[in-house]
Amino acid sequence: MSTGTINQKAIDLLDQAAFTSSAVKDKERKSGSVKDENLYPKTRDEALQMKDLLSQAWDAAEDREEAEFKEKYERLSEVVDWSLTRHKTWKWPVIAGAALFAALLFWGYTAQLKEVKGIKDEIKQVKAWEPVRDTTITWEECGTEYSGKDYYKDATTWKVNRLALLKSTYERYSESAAEYKAKADTASNRKDRKSYKEYEKKYTKDAEEKRKEFDELSDAKFKDVQKQATKSLKHYLSNGRGLANFILVVILLVVALIVLYIWTGNPYGYNITKSRTRHKILGWIQKVGFWFAGLCFGTGVAAQLFADDIIWKYSDGSTSRESDVAGTAMNVMWKIFLIVIGVAAFIGVAGLIMLLEVAFGLPVKLAESKEAA
């Protein structure tokens, strides 16, 4: 503190204002000197108290142009003005990451709607099947090759393909059950043997269910075949609609999160001071995360697409050139992998930052709204 100036009373009030913030440490109070970053109030009450002290100091000053008073007053006034002013803390890159995720979800949503429409068309196709002569397909004469092409063209095509699928699945489950039985018989560890037997039991049960479905369908009449085909399609339709609705809900949640992020991203200065550590950590996460995302994406875009040709040299000194198809395929996979990792990292970091900012900022915003009311 200063002594012996014409503005001594005013200076004392300014010194009180400088020590208003709860950020001021005990050793600073004892020394009478405050670090610049600790001048900032952490609550509205502290900011208003500091403002009031500055007002008292202004009224008490006999010479407002005195260097010491003017310098302290202007500095503390800047602190108060900044603390009682709202500041934009939301960032465009974070919003871009969330918006990109929403766009990808929307693309998936439209694709799912297209799939749902296709299932509806298949249901109409099944209901319009022309009656055919009833036939029985035995287990022995049924093959295991099936095709998804024109699967619902007519009752016979569907029945043949469905039975082949059931038999193929039965054989796969039976093979798995046999493998786990062999492992259980040779396992030396009791825990492993118990686990293998549980898997054997599971696959045996699944195989039996597929065989039961086969037997029920093998001699089914036209109406029953049509009914089963419709039932299976309605099951797919229900799942497809459920997935589409889920994607739509997620899109709406992402949009709502973006809105909340912007709404909560204009806090008063004193709230920024209060959450200074969090902002520093999130800023570091954003910087490192976006750097990693940009590195992966940029490397993926710039990576070589076509592999160098393979040059064959022969004993007579002649050479031949051949395209490295396998190398080019690996390059394409590597490019795609890096680009996907980059985009995923960008979306993930943006989503994490946005979620945390909203989670911490929403209670503060609601408290401000409650106080205003």
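One can find the structure itself at the top, above this paragraph.
Residues numbered from 1 in each chain as written. Predicted model: local features only at pLDDT ≥ 70, side-chain atom pairs only at ≥ 80, totals over all residues. Heavy atoms only, no water.

Novice: Could you give an account of the overall build of the protein, naming the residues involved and the relevant values?
Specialist: From N to C terminus, the protein includes 11 helices and 2 strands. Taken from the N to the C terminus, the helices and strands of the protein come in the order α-α-α-α-α-α-α-α-α-α-β-β-α. When its C-alpha atoms are laid out on the principal axes, the protein stretches across 115 × 75 × 55 Å. A sequence separation of at least 24 residues applies to 75% of the contacts in the protein between residues at least 6 apart. Accessible surface, the protein: about 23,700 Å² in total, of which carbon and sulfur atoms supply 58%. (Helix = DSSP H or I, 4+ residues; strand = E, 2+ residues; numbered from the N terminus. Contact = heavy atoms within 4.5 Å. Areas by Shrake-Rupley, 256 points an atom, 1.4 Å probe, with all protein chains shown as cover.)

Novice: Please give an account of a nonpolar patch on the surface that cites residues and values.
Specialist: The grouping of Trp-284, Val-288, Trp-291, Phe-292, Leu-295, Trp-334, Phe-337 and Ile-341 at the surface amounts to a nonpolar patch, some 860 Å² of accessible area in total. At the level of elements, helix H10 (276-302) and helix H11 (325-372) are the ones that each hand at least two residues to the nonpolar patch. Take the nonpolar patch: its biggest share by element is 5 residues, from H10. Take Val-288: it is sitting in helix H10. Accessibility expressed as a relative area gives 35% for Val-288, which makes it partly exposed. (Patch = residues over 30% accessible without salt bridge, like charges linked within 9 Å, V, L, I, M, F, W, Y side chains within 5 Å. Salt bridge = Lys/Arg side-chain N within 4 Å of Asp/Glu carboxyl O. Buried < 20%, exposed > 50% of the residue type's maximum accessible area, 1.4 Å probe, protein only.)

Novice: I'd love a proper account of helix H6 (residues 155-186), names of residues and values included.
Specialist: The first and last C-alpha atoms of H6 sit 47 Å apart over 32 residues, in line with the 46 Å expected at 1.5 Å per residue. In this structure Asp-154 caps H6, since a side-chain oxygen of it lies 3.2 Å from the backbone nitrogen of Thr-156. (Expected span 1.5 Å × (residues − 1). Polar contact = N/O pair within 3.5 Å; in protein donor to acceptor, adjacent residues only side chain to side chain.)

Novice: Could you give an account of the pattern of salt bridges, with specific residues and numbers?
Specialist: By the definition in use, this model includes 13 salt bridges. Close ionic contact of Glu-65 with Lys-70 constitutes a salt bridge, the shortest N to O distance being 3.4 Å. For Lys-117, the salt bridge goes to Asp-121, with nearest N and O atoms at 3.4 Å. In this pair, Lys-117 and Asp-121 are both assigned in helix H5 (residues 92-127), 4 residues apart and thus about one turn of the helix distant. Relative accessible area serves as the criterion here: at 52%, Lys-117 is assigned to the exposed category.

Novice: Residue-level account of the environment of Asn-245, with values.
Specialist: Turning to its location among the elements, Asn-245 is positioned in helix H8 (residues 222-264). The partly exposed category is assigned to Asn-245, whose relative accessible area is 45%. With 238 residues separating them along the chain, Asn-245 and Asn-7 place their C-alpha atoms 70 Å apart.

Novice: An account of the packing of aromatic side chains is needed here, citing residue identities and associated values.
Specialist: Ring pairs (aromatic) are described by centroid distance and by the angle formed between their planes. For the structure shown, the criterion picks out 16 aromatic pairs. Relative to Tyr-196, the ring of Tyr-180 has its centre 6.2 Å away and its plane inclined at 40 degrees; by these criteria the two rings are tilted. Within this pair, whereas Tyr-180 is found in helix H6, its partner Tyr-196 is found in helix H7 (residues 190-218), the two being separated by 16 residues in sequence. Aromatic pair Trp-334 and Phe-337: ring centres 5.7 Å apart, planes at 25 degrees, arrangement stacked. Remark: Phe-337 and Trp-334 occur in helix H11; sequence separation between them is 3 residues, near one turn of the helix. The partly exposed category is assigned to Trp-334, whose relative accessible area is 47%. By relative accessible area, Phe-337 is classed as partly exposed at 44%. Here a set of aromatic residues connected by ring pairs shows up, and it is made of Tyr-173, Tyr-180, Tyr-196, Tyr-199 and Tyr-203. Here the guanidinium or amino end of Arg-172 rests over the ring plane of Tyr-173, the centre of that ring lying 5.6 Å away. For Arg-211, the ring lying beneath its charged end belongs to Trp-139, and the centroid distance is 4.0 Å. (Phe/Tyr/Trp six-rings, centres within 6.5 Å; stacked < 30°, edge-to-face > 60°. Lys NZ or Arg CZ within 6 Å of the ring centre and 35° of its normal.)

Novice: Talk me through the nonpolar core; I want residue IDs and the actual numbers.
Specialist: Counting residues in hydrophobic clusters, the biggest one holds 22 residues, and the most contacted among them are Trp-129, Tyr-152, Trp-158, Leu-217 and Val-225. Secondary structure elements with two or more residues in this core: H5, H6, H7 and H8. Here this core gets 5 residues from one element, more than from any other, and that element is H8. Counting residues in each nonpolar core, the second largest holds 21 residues, with Ala-98, Tyr-109, Ile-251 and Val-254 among its members. (Core = buried A, V, L, I, M, F, W, Y, C linked by side-chain atoms within 4.5 Å.)

Novice: Give a detailed account of H10, specifying residues and quantitative values.
Specialist: A rise of 1.5 Å per residue sets the reference length of H10, with its 27 residues, at 39 Å; its end C-alpha atoms lie 38 Å apart and thus fit the reference within 8%. When we look at burial in H10, the residues that qualify are Arg-278, Leu-282, Gln-286, Gly-289, Phe-290, Ala-293, Cys-296 and Gly-300.

Novice: Talk me through the packing of H5 against H8; I want residue IDs and the actual numbers.
Specialist: Running from amino to carboxyl end, H5 crosses H8 at an angle of 160 degrees, the nearest separation of the two axes being 9 Å. Regarding the angle of H5 to H8, the classification is roughly antiparallel. Remark: the crossing between H5 and H8 carries left-handed chirality. Residues that form the contact of H5 with H8 fall into these classes: 28 nonpolar, 5 polar and 5 charged. (Axes fitted to C-alpha atoms, helices over the stretch in contact; angles between N-to-C directions. Parallel < 35°, antiparallel > 145°, perpendicular 65-115°, else oblique. Left-handed = near helix turned anticlockwise from the far one by under 90°. Nonpolar A, V, L, I, M, F, W, Y, C, P; charged D, E, K, R; others polar.)

Remember, this is a structural readout, not a statement about activity or role.
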